[in-house]
Amino acid sequence: MKIYLCSPEETIEQAVEEVIKGDPDGRKFECDEEKDRCYIGDEVFSTAPVIINKNNKYYAPRVVQ
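Now for a quick tour of the structure.

Conventions and cut-offs
- Residues numbered from 1 in each chain as written.
- Predicted model: local features only at pLDDT ≥ 70, side-chain atom pairs only at ≥ 80, totals over all residues.
- Heavy atoms only, no water.
- Helix = DSSP H or I, 4+ residues; strand = E, 2+ residues; numbered from the N terminus.
- Pairing = 2+ DSSP bridges.
- Contact = heavy atoms within 4.5 Å.
- Axes fitted to C-alpha atoms, helices over the stretch in contact; angles between N-to-C directions.

1. Things to note about unusual backbone geometry
Phase 1 of the analysis: Within the chain, Asn 55 stands out as a residue other than glycine whose phi angle is a positive 55 degrees.
Phase 2 of the analysis: Position of Asn 55 relative to the elements: it lies in the loop between strand S4 (50–54) and strand S5 (57–59).

2. Examining the sheet that holds strand S3 (residues 37–38)
Phase 1 of the analysis: Pairing in this open sheet of four strands is mixed, and the strands run S1-S4-S5-S3 from one edge to the other. The open sheet has two free edges, formed respectively by strand S1 (2–5) and S3, since each of these has just one partner strand.
Phase 2 of the analysis: In terms of strand pairing, S3 meets S5 through two bridges, oriented antiparallel. Residue pairing in the sheet places Arg 37 in a bridge with Tyr 59 of S5.
Phase 3 of the analysis: Across the sheet, helix H1 (residues 12–22) touches S1, S4 and S5, and the angle it forms with S4 is around 145 degrees.

Put into structure tokens, the structure is as follows:
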């Protein structure tokens, strides 16, 4: 799992773009700020390939093809 830390002015959409650019496997991701929010201890938190941290809120973007 990788964790991407957003800068204060960065949006979740911009973070997802950066995650996609830096993914060594060439995967594409998408993230819905409501549906994909997760918490430490959630199963999705521990199994997601990438976690985005924005203002101490965690998001698990989904892999899309």
